[in-house]
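Residue-level listing of the chains:
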Amino acid sequence: MQNSGIEVLFEGSNFERLLGGLLVTIEISFVSIVIGTVLGIVMGLLRTLNVKLLQALLRLYLEAFRIIPILVWLYVVHFSFTPLLNIDISGETTSILVFSLWGAAEIGDIVRGALQSMPKHQEESGAALGLSRVQLYRYILIPQAIRRMVPGAINLATRMIKTTSLVVLIGVIEVVKIGQQIIELGVIKAPTASFWVYGFIFILYFAVCFPLSRISRRVERRWQN
Amino acid sequence: MNLDWEFIAESLPLYGDAMWLTLKLAFWAILFSLVLGLIFSVILYYKVKGISFIIQAYIELSRNTPLLVQLFFLYYGLPKVGLRMSEVTCAIVGLTFLGGSYMTEAFRGGMEAVSRTQVESGLSIGLSRTQLARYVILPQAFAISIPSLGANVIFLLKETSIVGAIALMDLMNVAKDLIGMHYKTAESLLLLVAAYLILVLPLSVVLSWLERKVRYAEFGD
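Residues numbered from 1 in each chain as written. Chains lettered and ligands numbered in written order. Predicted model: local features only at pLDDT ≥ 70, side-chain atom pairs only at ≥ 80, totals over all residues. Heavy atoms only, no water.

Chain B is annotated in an unreviewed UniProt entry as Polar amino acid ABC transporter permease of Paenibacillus borealis. According to UniProt, the comment filed for chain B under the heading Subcellular location (unreviewed entry) is "Cell membrane". You can read under Sequence similarities (unreviewed entry) in the UniProt record for chain B the words "Belongs to the binding-protein-dependent transport system permease family. HisMQ subfamily." (UniProt positions renumbered as here; feature names shortened; annotations may be inferred.)

As recorded in an unreviewed UniProt entry, chain A goes by Amino acid ABC transporter permease and comes from Paenibacillus borealis. The record held by UniProt for chain A lists under Sequence similarities (unreviewed entry) the comment "Belongs to the binding-protein-dependent transport system permease family." The record in UniProt for chain A states the following under Subcellular location (unreviewed entry): "Cell membrane".

Rendered as structure tokens:
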């Protein structure tokens, strides 16, 4: 291994810049998760209603995100907005839009699954007590459903953080892009830089996602009983 | 919106080639992932000392990092320490690295779901550990894990959309090139979406059908 490799990570402000890039990724994921959760809860509730047409539409929406890769969605939105609608939107906005819509679809399905997996007698007991529909949801169904939703939602969050790495491919300046800039700048001075820089980004993602998946597993185990 | 059908007809062969590449990559990656997953899950099931820990570490590493970064590390990083692979090899290795852990978890979930009585019955008629795995646990575990294995197959097929990042002429790259060269954005994107629908949709339909079928194959409990 040549000597001028790992140092590249600590030269100048490289280290901070890479962390800053990671922050962009996390920001996009965070905003998308928040928007997606709000939209997803509404969608999940709508999917428990017995309206055929609405069911079909929401199902189609979910399947569209399950079948077509997210990168394709990013391309479609990124390349078609400007020519079709004649508005210029940034890569970040595109990403947040796509990830929010994806998140909404998945959270919607988690919420629906949780609500529908609730034992029927819970609802019936509530009704027997004379609770109204709203009270039933507010005091009985939703609090129990949340327990079943949290592990899945955290899992989705790690998947989203990992998937946001793709936004570099539509020109967002995030951690991978900054890594590439560092490698290009040091191409003569530090020929082995790409090994260290990509290795470091690898570790950065792991450091963010691993705790989350640990928490999800722990919550799942504890709340199962 | 007026679509340029001539342009669409002309670009079809390009998309055809790219779909073929995607299928080839996905085929090998899925095959290797399944083999890896099967071996690893058996090792984890029997809690083989030492190796189990390494496999566990691999699973965490693979599941908690994005494929894009894994590919970049394999393709741009490793040659610097003397390990050079072609784009295709790199893509297959990367996808297998990712898929292997998902398949391991799917198989292991299935093995652990095989009911206790099945294992005990097997032991009581004097089966060895290998026989137990071969004749009792694995066939049932396989049936139980079909839904998650299927989900992983679709997941891997979709993840191939990322290999364009290491200079492979996949569907994403073809679409991007066509947009860049001819400004036929709508046509190129339409073909791109259509290509993935053709690839993934039939598989997803078949798998959900298969899922309903194998429910009959579950025993015990």
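J.: For this particular structure, what's the right way to read the overall build of chain B?
T.: Along the backbone of chain B there are eight helices and zero strands. When its helices and strands are written in sequence order, chain B yields α-α-α-α-α-α-α-α. Here the C-alpha coordinates of chain B stretch approximately 70 × 45 × 20 Å along the principal axes. For chain B, the proportion of its 221 residues judged to be buried stands at 50%. Summed over all atoms, the accessible surface of chain B reaches about 11,000 Å², with 66% contributed by carbon and sulfur. Charged side chains in chain B number 16 positive and 16 negative. The centres of these two groups are separated by 11 Å. (Helix = DSSP H or I, 4+ residues; strand = E, 2+ residues; numbered from the N terminus. Buried < 20%, exposed > 50% of the residue type's maximum accessible area, 1.4 Å probe, protein only. Areas by Shrake-Rupley, 256 points an atom, 1.4 Å probe, with all protein chains shown as cover. Lys, Arg positive; Asp, Glu negative; His and termini not counted. Charge placed at Lys NZ, Arg CZ, Asp CG, Glu CD.)

J.: I keep staring at the UniProt feature "domain: ABC transmembrane type-1" (unreviewed entry) in chain B and nothing clicks. Help me out?
T.: The positions that UniProt labels "domain: ABC transmembrane type-1" (unreviewed entry) are, in the present scheme, residues 19-211 of chain B. End-to-end, the C-alpha atoms of residues 19-211 of chain B are 26 Å apart, and along that stretch the chain is 81% helix and 0% strand.

J.: Whenever I open this one, empty space enclosed by the protein confuses me. Can you help?
T.: It is the rolling of a water-molecule-sized probe over the atoms that shows where space remains empty. Residue and element names in this part refer to chain A. Using the criterion set out here, one finds one cavity of 30 Å³ or more in the structure. Its volume calculated, the largest cavity comes out at about 40 Å³. Surrounding the largest cavity, Met43, Arg47, Leu58, Tyr61, Leu62, Ala104, Ala105, Gly108 and Asp109 form its lining. For the lining of the largest cavity, the secondary structure elements donating two or more residues are α1 (14-48), α2 (52-67) and α4 (91-116). Per-element tally for the lining of the largest cavity: the top contributor is α4, with four residues. Residue composition of the lining of the largest cavity, grouped by class: six nonpolar, one polar and two charged. (1 Å grid on protein atoms, 1.4 Å probe; cavity = no way out; pocket = protein on both sides within 12 Å on 5 of 7 lines; lining within 4 Å. Points joined across faces, edges and corners; volume = space filled by probe spheres on them. Nonpolar A, V, L, I, M, F, W, Y, C, P; charged D, E, K, R; others polar.)

J.: Explanation requested: the nonpolar core in the structure shown.
T.: Where a protein is soluble and globular, its nonpolar side chains tend to be buried together. Grouped together as the largest cluster of nonpolar side chains are 109 residues, with contacts concentrated most on Val176 and Ile201 of chain A together with Leu171 and Leu192 of chain B. If sequence neighbours within four positions are ignored, Ile201 of chain A has contacts with Leu18, Val175, Val176 and Gly179 of chain A together with Val69 of chain B. Ranked by size, the runner-up nonpolar core spans 10 residues in total, among them Leu132, Ala133, Ile137 and Ala141 of chain B. (Core = buried A, V, L, I, M, F, W, Y, C linked by side-chain atoms within 4.5 Å. Contact = heavy atoms within 4.5 Å.)

J.: Looking at this structure, how should I read the UniProt feature "transmembrane region" (unreviewed entry) in chain A?
T.: Residues and elements named next belong to chain A. As recorded in UniProt, the feature "transmembrane region" (unreviewed entry) lies at residues 20-46, 58-76, 166-183 and 195-213. Secondary structure content for residues 58-76 is 89% helix and 0% strand, while the C-alpha to C-alpha distance between its ends is 20 Å. Its end C-alpha atoms 26 Å apart, residues 195-213 is made of 100% helix and 0% strand.

J.: Got a minute to help me understand the interface of chain B and chain A in this structure?
T.: If you look at the interface, chain B gives 35 residues, while chain A gives 36 residues. By the criterion of area lost to chain A, the three top residues of chain B are Glu60, Asn64 and Phe73 of chain B, representing 17% of everything that side buries. Here chain B is connected to chain A by two salt bridges. The partner of Arg214 of chain A in a salt bridge is Glu60 of chain B, with the nearest N and O atoms 3.6 Å apart. (Buried area = accessible area lost by both parts, 1.4 Å probe. Salt bridge = Lys/Arg side-chain N within 4 Å of Asp/Glu carboxyl O.)

J.: Would you mind going over the UniProt feature "transmembrane region" (unreviewed entry) in chain B with me for this structure?
T.: All names here are of chain B. Under the feature "transmembrane region" (unreviewed entry), the UniProt entry names residues 25-46 and 189-210. In residues 25-46, helix accounts for 95% and strand for 0%; the two terminal C-alpha atoms are 32 Å from one another. Here residues 189-210 runs as 100% helix and 0% strand, with 31 Å between its end C-alpha atoms.

J.: Looking at this structure, how should I read helix α7 (residues 175-185) of chain A?
T.: In an α-helix, one turn spans 3.6 residues; hence positions three or four apart end up facing the same way. Val175, Val176, Ile178, Gly179, Gln180, Ile182 and Ile183 of chain A are the residues of α7 of chain A that are buried. Sitting at the head of α7 of chain A, Glu174 of chain A places a side-chain oxygen 3.0 Å from the backbone nitrogen of Val176 of chain A. (Polar contact = N/O pair within 3.5 Å; in protein donor to acceptor, adjacent residues only side chain to side chain.)

J.: How should the environment of Glu123 of chain A be read in this particular structure?
T.: All names here are of chain A. One can find Glu123 in helix α5 (residues 120-128). Counting along the chain gives 102 residues from Glu123 to Gly21, while the straight-line C-alpha distance between them is 48 Å. Setting aside residues up to four positions removed in sequence, Glu123 forms contacts with Arg133, Leu136 and Leu141. Looking at Glu123, its side chain comes within polar contact range of the side chain of Arg133, at 3.4 Å.

J.: Just to check I follow, could you spell out a nonpolar patch on the surface for this structure?
T.: Residue and element names in this part refer to chain A. Taken together, the side chains of Phe30, Val31, Val34, Ile35, Val38, Leu39, Leu97 and Leu101 define a hydrophobic patch exposed on the protein surface, amounting to about 640 Å² of accessible area. Contributing elements (two or more residues each) for the nonpolar patch: α1 and α4. Among the elements that take part in the nonpolar patch, α1 stands out by supplying six residues, more than any other. You can call Ile35 partly exposed: its relative accessible area is 36%. (Patch = residues over 30% accessible without salt bridge, like charges linked within 9 Å, V, L, I, M, F, W, Y side chains within 5 Å.)

J.: Please clarify how the packing of helix α6 (residues 129-159) of chain B against helix α8 (residues 185-214) of chain B should be interpreted in this entry.
T.: Describing two packed helices takes the angle between their axes plus the distance from one axis to the other. Residue and element names in this part refer to chain B. Put simply, α6 and α8 touch, their axes get as near as 9 Å, and they point 175° apart. One way to sum up the angle between α6 and α8 is to call them roughly antiparallel. Touching Ala143, Ile146, Pro147, Gly150, Val153, Ile154, Leu157 and Lys158 of α6 are Leu199, Val200, Leu203, Ser204, Leu207, Leu210, Glu211 and Val214, all from α8. Residues belonging to the contact of α6 with α8 are distributed by class as follows: 12 nonpolar, two polar and two charged. (Axes fitted to C-alpha atoms, helices over the stretch in contact; angles between N-to-C directions. Parallel < 35°, antiparallel > 145°, perpendicular 65-115°, else oblique.)

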